[in-house]
Amino acid sequence: MPPHGDPVAELILTVLSQSTNDRNRDVAYLRLRQRFASWEAVMEAPRADVEEALRPGGIAKVKSARIQAILRALAERELSLQWLAQAPVQEGRDYLTSLPGVGRKTAACVLLFAYGLRDVPVDTHVSRVGTRLRLLRPGASFQEQHDQMLALTPPGQELELHVNLLRHGRRTCHARRPACAECALARMCPSRGDFADPAQPRGRTAKAITA
C-alpha cells in the first residue's frame with residue numbers, strides 16, 4: 001500500500017477511529033467531506049454542524065471539538081502539513097503530538113500512512129499481540145511500546161508489521177478469548193499456556209496447531 005500523501009486526512013481519520021469501528025469511522029469521514037468543501041470550512045463551521053456530520057462515528061460532541069481544535073492549531077503554521085514529507089521524523093512527530101488530543105499512535109499513523117516515514121503505530125491490537133509475543137515489555141507504557149516496536153522493526157517493514165499485528169489481533173488474538181488452537185504463531189507464543197481451555201485436551205490442541 002503506497003503512501004497516500006494526505007496527512008491532514010489521515011489525522012482526521014485517526015481521530016474519528018477512536019472508540020468506533022472502521023465502517024462508522026468511514027461513514028463519518030465521508031459525511032464530513034461531503035458537507036464541507038475544505039478543511040478551512042470545517043474549522044470555521046459552527047460546532048453543531050460538524051457534530052451532526054460526525055454523528056455516525058460515535059462520541060461526535062467530543063470528536064467535533066477535537067477536530068476543530070486541531071485544525072485551528074494547524075492553521076497557525078500550515079494547514080496542509082505538506083512540510084512533514086521533508087522534515088526529520090522526530091520533528092514531525094514532536095509537532096503532531098503537540099496538537100490538541102494527538103498522541104503517539106495518531107502521529108505515527110500520519111507519518112507512516114501519509115508519507116511512508118519510519119514509524120509504527122501501536123494501537124490496542126498491536127499492543128496486545130506484541131505483549132503476548134513478548135515483543136513488547138509487559139506493563140510498558142504506550143510511549144515505551146512505540147519506541148520498542150520501532151527499534152525491532154526492520155527499516156521498510158513498518159507498514160507490513162503494523163498491519164499484520166493489527167489483523168492478527170482482530171481475527172485471532174482476541175482480548176478475552178484468543179483463538180490459540182487456530183493461531184499460526186501458537187508454537188512460538190510464550191503466552192499460549194495462559195489461555196488454554198481447561199475443557200480442551202492439551203494433546204488435541206497441539207495436534208490441531210501442528211497440522
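For the structure itself, consult the block above.
Residues numbered from 1 in each chain as written. Predicted model: local features only at pLDDT ≥ 70, side-chain atom pairs only at ≥ 80, totals over all residues. Heavy atoms only, no water.

**Quick word on the side chain of serine 127**
Right, on to step 1. Secondary-structure assignment places serine 127 in helix 8 (residues 124–132).
Right, on to step 2. Residue classification places serine 127 among the buried positions, given a relative accessible area of 11%. (Helix = DSSP H or I, 4+ residues; strand = E, 2+ residues; numbered from the N terminus. Buried < 20%, exposed > 50% of the residue type's maximum accessible area, 1.4 Å probe, protein only.)

**Overview of helix 4 (residues 47–54)**
Right, on to step 1. Considered for burial, the residues of helix 4 that qualify are Val50, Glu51, Ala53 and Leu54. Buried residues of helix 4 fall within an arc of 160° about the axis and therefore sit on the same side.
Right, on to step 2. Looking at the packing, one finds that the buried side of helix 4 touches helix 1 (7–16), helix 2 (22–35), helix 3 (39–44) and helix 5 (60–75). (Arc of directions from axis to C-beta. Contact = heavy atoms within 4.5 Å.)

**Section: the packing of helix 1 against helix 5**
Right, on to step 1. Closest axis-to-axis distance for the helix 1/helix 5 pair is 10 Å, and the angle between their directions is 155°. It follows from the interaxial angle that helix 1 and helix 5 lie roughly antiparallel. At the point where helix 1 passes helix 5, the crossing takes the right-handed sense. Where helix 1 abuts helix 5, its residues Val8, Leu11, Ile12, Val15 and Leu16 lie against Lys63, Arg66, Ile67, Ile70, Leu71 and Leu74.
Right, on to step 2. In the contact of helix 1 with helix 5, the residues fall into 9 nonpolar, no polar and 2 charged. (Axes fitted to C-alpha atoms, helices over the stretch in contact; angles between N-to-C directions. Parallel < 35°, antiparallel > 145°, perpendicular 65-115°, else oblique. Left-handed = near helix turned anticlockwise from the far one by under 90°. Nonpolar A, V, L, I, M, F, W, Y, C, P; charged D, E, K, R; others polar.)

**Quick word on the side chain of arginine 104**
Right, on to step 1. Mapped onto the elements, arginine 104 comes out in helix 7 (residues 104–115).
Right, on to step 2. Under the relative-accessibility criterion, arginine 104 is labelled buried at 9%.
Right, on to step 3. Among the polar contacts made by the side chain of arginine 104, one reaches the side chain of aspartate 147 at a distance of 3.1 Å.
Right, on to step 4. Residues within four places of arginine 104 in sequence aside, it is in contact with Arg93, Thr97, Asp119, Gln143, His146, Asp147 and Leu150. (Polar contact = N/O pair within 3.5 Å; in protein donor to acceptor, adjacent residues only side chain to side chain.)

**Details of the nonpolar core**
Right, on to step 1. Core analysis: the biggest nonpolar cluster contains 38 residues, and Ile12, Leu32, Trp39, Leu71, Leu74, Leu81 and Leu96 have the highest contact counts within it.
Right, on to step 2. If you list the elements that add at least two residues to this core, you get helix 1, helix 2, helix 3, helix 4, helix 5, helix 6 (89–97) and helix 7.
Right, on to step 3. Element by element, the count of residues in this core is highest for helix 1, at 7 residues.
Right, on to step 4. Excluding anything up to four places from it in sequence, leucine 96 contacts Leu81, Leu84, Val102, Ala107, Val110 and Leu111.
Right, on to step 5. Counting 12 residues, the second-largest nonpolar core is a separate cluster that includes Val120, Val129, Leu136 and Cys173. (Core = buried A, V, L, I, M, F, W, Y, C linked by side-chain atoms within 4.5 Å.)

**Considerations on the packing of aromatic side chains**
Right, on to step 1. Scanning all chains against the criterion turns up 2 aromatic pairs.
Right, on to step 2. Aromatic side chains tryptophan 83 and tyrosine 95 sit 5.2 Å apart centroid to centroid with 75° between the ring planes, which places their arrangement in the edge-to-face category. With tryptophan 83 in the loop between helix 5 and helix 6 and tyrosine 95 in helix 6, the pair connects residues that are 12 residues apart, well separated along the chain. As far as the burial class goes, tryptophan 83 and tyrosine 95 line up, both buried.
Right, on to step 3. Positioned over the ring face of tryptophan 83 is arginine 77, at 3.6 Å from the centre of the ring. (Phe/Tyr/Trp six-rings, centres within 6.5 Å; stacked < 30°, edge-to-face > 60°. Lys NZ or Arg CZ within 6 Å of the ring centre and 35° of its normal.)

**Focus on the environment of aspartate 6**
Right, on to step 1. Structurally, aspartate 6 can be placed in the segment before helix 1.
Right, on to step 2. Once the C-alpha coordinates of aspartate 6 and tyrosine 115 are considered, the two residues, 109 residues apart in sequence, prove to be 8.1 Å apart.
Right, on to step 3. A polar atom in the side chain of aspartate 6 sits 3.2 Å from the backbone nitrogen of alanine 9.

**A closer look at the pattern of salt bridges**
Right, on to step 1. Inspection of the entire model under this criterion finds 11 salt bridges.
Right, on to step 2. Two residues, arginine 170 and aspartate 22, come together in a salt bridge whose shortest N-O distance is 3.1 Å. Of the two residues, arginine 170 sits in helix 10 (residues 158–171) while aspartate 22 sits in helix 2, which places them 148 residues apart along the sequence.
Right, on to step 3. Judged by its relative accessible area of 42%, arginine 170 falls in the partly exposed class.
Right, on to step 4. Among the salt bridges present, the one from aspartate 147 reaches arginine 104, with a minimum N-O distance of 3.1 Å. In this pair, aspartate 147 sits in helix 9 (residues 142–152) while arginine 104 sits in helix 7, placing the two residues 43 residues apart along the sequence. (Salt bridge = Lys/Arg side-chain N within 4 Å of Asp/Glu carboxyl O.)

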